[in-house]
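Chain by chain, the residues:
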Amino acid sequence: SHLSRRDRAPPKGGPRSEPGGALPRQTLRSRADLEITLELLDKSVYTIGRHESADLQLKGDLVSRMHAAVLQDVEGKRYLVDLKSTHGTYLDAKRLQPHVPLEWPSGAAAHFGTGSNADILVLEDEAGAKRRRMDDVDGTASQPAGTEQADPMAALYGDLPEAAATLVPPKPETAKPKLQPLPPPEKDPRKVLFLDIDGVLRPLHSRQDAFQNTRTIEINGARVPLLGNSEAKAGVDFWPSAMRALRFIIQKTGAVIVLSSDWRKEEVLRDGVKSALEEYDMPSFYSQTPDLDQATTGVIKALHTSFREKRCKEIRKWLRQHPKVDRWCVIDDIDLSMPDKEALRSGSHGSPVFMDSDSEFVKTNPAIGLNMDIAKLAICYINGTEPSEEILEAARGPAPGAD
């Protein structure tokens, strides 16, 4: 539905509501399991997914870790947004474009994936709940109005004959191996991993960028204020492969993690990092680099020729404050290596600022982030061992001019 100009801001006198000031009560309810419900209250964002941190956790095979979200504006309207899920999100048989919210009418069904294995949620208001309870008493099927389509693909394949049913014995469930918690870090560590986040542990433009740190969403070109001040949890979209590689580094080196990423500047983002580390049974990060952009009373703000120089200076300052640290490695998707190694090594530029890619720094490809090949090189740098040619080539690619 098109939002007129007057709908671009909250109405005067507060959000439109039911008599008495309360927002319209609605509940997300699973069509297959009536025990799976979520009452929509005063949060702006409710997440849906397989991950245990999701507000509504679904168990289906087609559900992504963080699959979709329900957004609420100040007028009580609900919107469904797909978070770049693998198998897609469908509302009334229409597949949602990632990060493009679509208004979710009361009584409409949302499918998470397609086919018989898709999880289905219905947005149910009080009238729909009453109608469902009456149907239960009468013994009739509980089917909210307007949700007759059981499968978004039925329009394409509905005329085909049904396949003969074949009984297949279920595969025995195998318990997911539980990770052993890594030992707590030393109180006075000597080994450090300086860690960036974006492009290392998560995509640069990721699932939450549609509404992270914002109070409005865009609907049909209009900015619509969100209800409340809650936001999606940070850290739920970290690459599992990157987290496993990070754990491998910590396990093999005993190094502590020092955040060098801009994520260190926001409490909600720091908490997201802590939660992700806890999920993989790693100790929380040990510290964070200083922010040279912060103005200090009586001190002139430092000037930097580039973002990469500033990040290197922040890391160098942290190291000067912790003189017992003798081995470290920086992992970042931005090239922090020395621009002119020979000049810096000759001492003509004084103390080095940038990182030495032969002993201190490993660069990730921001499209794929941290992987085991890069982790092995970082382990060599932190442990002070010489990396083999195979490890170097796997982490960096073939050397220029190599056959």
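For the structure itself, look to the data block above.
What counts, and at which threshold
- Residues numbered from 1 in each chain as written.
- Predicted model: local features only at pLDDT ≥ 70, side-chain atom pairs only at ≥ 80, totals over all residues.
- Heavy atoms only, no water.
- Helix = DSSP H or I, 4+ residues; strand = E, 2+ residues; numbered from the N terminus.
- Contact = heavy atoms within 4.5 Å.
- Expected span 1.5 Å × (residues − 1).
- Buried < 20%, exposed > 50% of the residue type's maximum accessible area, 1.4 Å probe, protein only.
- Disulfide = S-S within 2.5 Å.
- Pairing = 2+ DSSP bridges.
- Patch = residues over 30% accessible without salt bridge, like charges linked within 9 Å, V, L, I, M, F, W, Y side chains within 5 Å.
- Areas by Shrake-Rupley, 256 points an atom, 1.4 Å probe, with all protein chains shown as cover.
- Salt bridge = Lys/Arg side-chain N within 4 Å of Asp/Glu carboxyl O.
- Lys, Arg positive; Asp, Glu negative; His and termini not counted.
- Charge placed at Lys NZ, Arg CZ, Asp CG, Glu CD.
- Axes fitted to C-alpha atoms, helices over the stretch in contact; angles between N-to-C directions.
- Parallel < 35°, antiparallel > 145°, perpendicular 65-115°, else oblique.
- Left-handed = near helix turned anticlockwise from the far one by under 90°.
- Nonpolar A, V, L, I, M, F, W, Y, C, P; charged D, E, K, R; others polar.
- Phe/Tyr/Trp six-rings, centres within 6.5 Å; stacked < 30°, edge-to-face > 60°.

By secondary structure assignment, the location of Leu-336 is in the loop between β17 (327-332) and α6 (341-346). The spatial distance from the C-alpha of Leu-336 to the C-alpha of Val-362 is 8.7 Å, given a sequence separation of 26 residues. Look past the residues within four positions of Leu-336 in its chain and what remains in contact with it is Arg-308, Arg-311, Cys-312, Val-330, Phe-354, Met-355 and Phe-361.

Compared with the 21 Å implied by 1.5 Å per residue over 15 residues, the 21 Å span of helix α5 (residues 307-321) between its first and last C-alpha is a close match. For α5, every residue scored as buried is listed here: Glu-309, Lys-310, Arg-311, Cys-312, Glu-314, Ile-315, Arg-316, Trp-318 and Leu-319. The inward-facing, buried residues of α5 abut β12 (191-195), β15 (256-259), β16 (287-288) and β17.

The full count for this structure, using the stated rule, is zero disulfides. A disulfide-free cysteine, Cys-329 has its sulfur positioned 9.9 Å from the sulfur of Cys-380, the nearest such atom. A relative accessible area of 0% places Cys-329 in the buried class.

Below, the discussion takes up the sheet that holds strand β4 (residues 56-57). Strand order in the open sheet formed by five strands is β4-β3-β5-β6-β9, and the pairing between neighbours is mixed. Each of the sheet's edge strands pairs with one partner strand only, and the pair in question is β4 and β9 (102-103).

As a further point, take a negative patch on the surface. A cluster of like negative charges, contributed by Glu-386, Glu-389, Glu-390 and Glu-393, occupies part of the molecular surface. Among the structural elements, Glu-389 can be located in helix α8 (residues 389-396). Glu-389 sits in the exposed class, given a relative accessible area of 61%.

Turning our attention to the sheet that holds β15. Overall, parallel pairing links the five strands, which are arranged β16-β15-β12-β17-β18 in an open sheet. Edge positions in the sheet fall to β16 and β18 (361-363), since each has one partner strand and no second. Where β15 lies against β16, two bridges are found, and the strand directions are parallel. By the bridge assignment, Val-258 is partnered in β16 with Ser-287. The sheet contacts of helix α3 (residues 240-253) involve β12, β15 and β17, and relative to β12 the element is tilted by about 165 degrees.

Our next topic: the packing of α3 against helix α7 (residues 372-383). In the contact formed by α3 and α7, the axes pass within 9 Å of each other and the chain directions differ by 25 degrees. On the basis of their axis angle, the class for α3 and α7 is roughly parallel. Here α3 and α7 pass one another in a crossing that is right-handed. Within the contact between the two elements, α3 uses Arg-244, Ala-245, Phe-248, Ile-249, Lys-252 and Thr-253 and α7 uses Met-372, Ala-375, Lys-376, Ala-378, Ile-379, Ile-382 and Asn-383. When the residues that make up the contact of α3 with α7 are grouped by side-chain class, the tally is eight nonpolar, two polar and three charged.

The contact between α7 and α8 brings their axes to 8 Å, and the two run at 130 degrees. Classified by the interaxial angle, the pair formed by α7 and α8 is oblique. As α7 runs across α8, the sense of the crossing is left-handed. Within the contact between the two elements, α7 uses Asp-373, Ile-374, Lys-376, Leu-377, Cys-380 and Tyr-381 and α8 uses Ile-391, Leu-392, Ala-394, Ala-395 and Arg-396.

Another aspect to go through is the packing of aromatic side chains. Applying the stated criterion across every chain yields a total of two aromatic pairs. On the basis of an interplanar angle of 85 degrees and a centroid distance of 5.5 Å, the ring pair of Phe-194 and Trp-318 is categorised as edge-to-face. Of this pair, Phe-194 sits in strand β12 while Trp-318 sits in helix α5, and the two are 124 residues apart along the sequence. With relative accessibility at 0%, the residue Phe-194 sits in the buried group.

We now examine the environment of Ala-68. One can find Ala-68 in strand β5 (residues 68-72). The class of Ala-68 is buried, set by a relative accessible area of 0%. On a C-alpha basis, the gap between Ala-68 and Thr-89 in space is 7.3 Å, while along the polypeptide they are 21 residues apart. Apart from residues lying up to four places away in sequence, Ala-68 is in contact with Tyr-46, Thr-47, Ile-48, Leu-80, Val-81, Asp-82, Leu-83, Thr-89 and Phe-112.

The next point concerns the pairing of strand β3 (residues 45-49). For β3, a buried count of five out of five residues is recorded, marking the element as mostly surrounded by other parts of the structure. Residue alternation in β3 divides its side chains into two sets, Val-45, Thr-47 and Gly-49 and Tyr-46 and Ile-48, and both sets are buried.

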